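So you can see what is in the structure, the chains are spelled out below.
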Amino acid sequence: MRLRTARRLVTAALLAATLPGAASCAVGPERATPVGAVAPAPAASASPAAPVVPARVPETLSFTAKTLDGTAFSAAALAGKPVVLWFWAPWCATCASQAWTVAEIAPKYRDTVPIVGVAGLGEQKAMKEFVSEFELAGTPQLDDRSGALWRRFEVVEQSTFVVVDRDGRVVHQGFLDGESLTRQVDALARG
């Protein structure tokens with residue numbers, strides 16, 4: 001407990017000394033570090049003049065989930081990057097036609113514009129079969145059978161893309177065909 005408190009004090013002092021006025025640049029009620037979490041200490045090799053500052057986690061990316069294979073997923077890890085959330089169902093013909101585009105472009109943009117599938121409206125077995133059939137295993141696919149993320153983003157139909165810019169603002173929500181999705185992701189990656 002004392003080590004945690006000491007780290008918080010050191011981190012706060014370091015940030016206050018090196019980033020005066022940074023707090024005044026923040027917009028909205030979001031926090032850089034979630035309540036109860038400890039901001040990571042700068043790496044030993046980091047220069048004293050350039051402390052490691054975690055990306056601000058916008059409300060849009062303040063959620064956790066499980067992937068279809070049961071792995072824990074935290075959208076906060078994507079903060080500071082544009083992100084595409086793809087809401088799909090395993091029985092949806094439109095989703096199936098879009099899956100080929102997602103499978104094709106997701107690996108290319110993995111580090112710049114991650115695409116995250118949000119599977120819902122079906123059974124887990126059918127969702128896993130969909131991922132296997134369309135070769136989507138290299139792209140995070142969230143298991144949202146409960147519909148929690150669908151409700152959070154007010155998605156009422158599949159296939160829906162929610163495009164979030166690097167500041168956490170939703171810049172598109174709705175249908176995108178393969179060409180439009182590719183153009184949108186490419187534009188986000190460039191700038």
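On a predicted model such as this, the values are computed, not experimentally measured, just so you know.

Definitions and limits used
- Residues numbered from 1 in each chain as written.
- Predicted model: local features only at pLDDT ≥ 70, side-chain atom pairs only at ≥ 80, totals over all residues.
- Heavy atoms only, no water.
- Core = buried A, V, L, I, M, F, W, Y, C linked by side-chain atoms within 4.5 Å.
- Buried < 20%, exposed > 50% of the residue type's maximum accessible area, 1.4 Å probe, protein only.
- Helix = DSSP H or I, 4+ residues; strand = E, 2+ residues; numbered from the N terminus.
- Axes fitted to C-alpha atoms, helices over the stretch in contact; angles between N-to-C directions.
- Parallel < 35°, antiparallel > 145°, perpendicular 65-115°, else oblique.
- Contact = heavy atoms within 4.5 Å.
- Nonpolar A, V, L, I, M, F, W, Y, C, P; charged D, E, K, R; others polar.
- Pairing = 2+ DSSP bridges.
- Right-handed = clockwise from strand over helix to strand, strands pointing away.
- Polar contact = N/O pair within 3.5 Å; in protein donor to acceptor, adjacent residues only side chain to side chain.
- Salt bridge = Lys/Arg side-chain N within 4 Å of Asp/Glu carboxyl O.

**Focus on the nonpolar core**
By size, the foremost hydrophobic cluster in this structure holds 28 residues, and its most contacted members are Trp-86, Trp-88, Phe-130 and Leu-136. Residue assignment for this core shows that the elements contributing at least two residues are β3 (83-88), α2 (93-109), β4 (115-119), α3 (124-133), β6 (160-164) and α5 (178-190). Counting residues per element, this core draws most heavily on α2, at 8 residues. Of all hydrophobic cores here, the second largest spans 18 residues; its members include Leu-61, Phe-63, Val-116 and Val-155.

**Structural notes on the packing of α2 against α5**
Between α2 and α5, the shortest axis-to-axis distance is 10 Å and the interhelical angle comes to 10 degrees. Relative to α5, the element α2 lies roughly parallel. Residues Thr-101, Val-102, Ile-105 and Tyr-109 of α2 form the contact with α5, whose own contacting residues are Gly-178, Leu-181, Thr-182, Val-185, Asp-186 and Ala-189. Taken together, the residues of the contact of α2 with α5 break down into 6 nonpolar, 3 polar and 1 charged.

**Here's the deal with the pairing of β3**
Of all 6 residues in β3, 6 are buried; the element is thus mostly enclosed. Burial along β3 is two-sided: the face carrying Val-83, Leu-85 and Phe-87 and the face carrying Val-84, Trp-86 and Trp-88 are both buried. Two strands pair when backbone bridges link them, and β3 and β6 are joined in this way by 5 bridges, in the antiparallel orientation. Pairing of Leu-85 across the sheet is with Val-162, part of β6. Relative to β4, β3 runs parallel, the two being bridged by 5 bridges. In the strand pairing of β4, Trp-88 is matched with Ala-119. Taking the sense of rotation as the criterion, the β-α-β connection linking β3, α2 and β4 turns out right-handed.

**Some points on the side chain of Gln-141**
Note that Gln-141 resides in strand β5 (residues 141-143). On the basis of relative accessibility, which here comes to 4%, the residue Gln-141 falls in the buried class. A distance of 2.8 Å separates the side chain of Gln-141 from the side chain of Trp-88, its partner in a polar contact. Sequence-distant contacts of Gln-141, defined by excluding residues within four places in its chain, comprise Thr-67, Leu-68, Trp-88, Gly-117, Val-131 and Leu-136.

**What to know about the sheet that holds strand β7 (residues 170-174)**
Read across the open sheet, the 5 strands follow the order β5-β4-β3-β6-β7; overall the sheet is mixed. Every other strand in the sheet has two partners, leaving β5 and β7 as the edge strands with one partner each. Neighbour to neighbour, the strand axes of the sheet diverge by 15 degrees on average, direction disregarded. Relative to β7, β6 runs antiparallel, the two sharing 4 bridges. Bridge assignment links Phe-161 to a residue of β7, and that residue is Gly-174. Sitting on the sheet, α3 touches β3, β4 and β5, and the angle it makes with β3 is about 125 degrees. Of the strands in this sheet, β3, β4, β6 and β7 touch α5, which is tilted by about 10 degrees from β6.

**Some remarks on the pattern of salt bridges**
This model, assessed by the stated rule, comprises 7 salt bridges. One connected set of salt bridges, linked through shared partners, spans Asp-165, Asp-167 and Arg-169.

**With respect to unusual backbone geometry**
In the segment running from Gln-158 into Ser-159, the intervening peptide bond is cis, with an omega of -5 degrees. Despite not being glycine, Leu-121 has its phi angle at roughly 60 degrees, a positive value. Position of Leu-121 among the secondary structure elements: in the loop between β4 and α3. The class of Leu-121 is partly exposed, set by a relative accessible area of 48%. Despite not being glycine, Glu-154 shows a phi value in the positive range, around 55 degrees. Along the chain, Glu-154 falls in the loop between α4 (148-152) and β6. Note on Glu-154: relative accessible area 65%, which makes it exposed.

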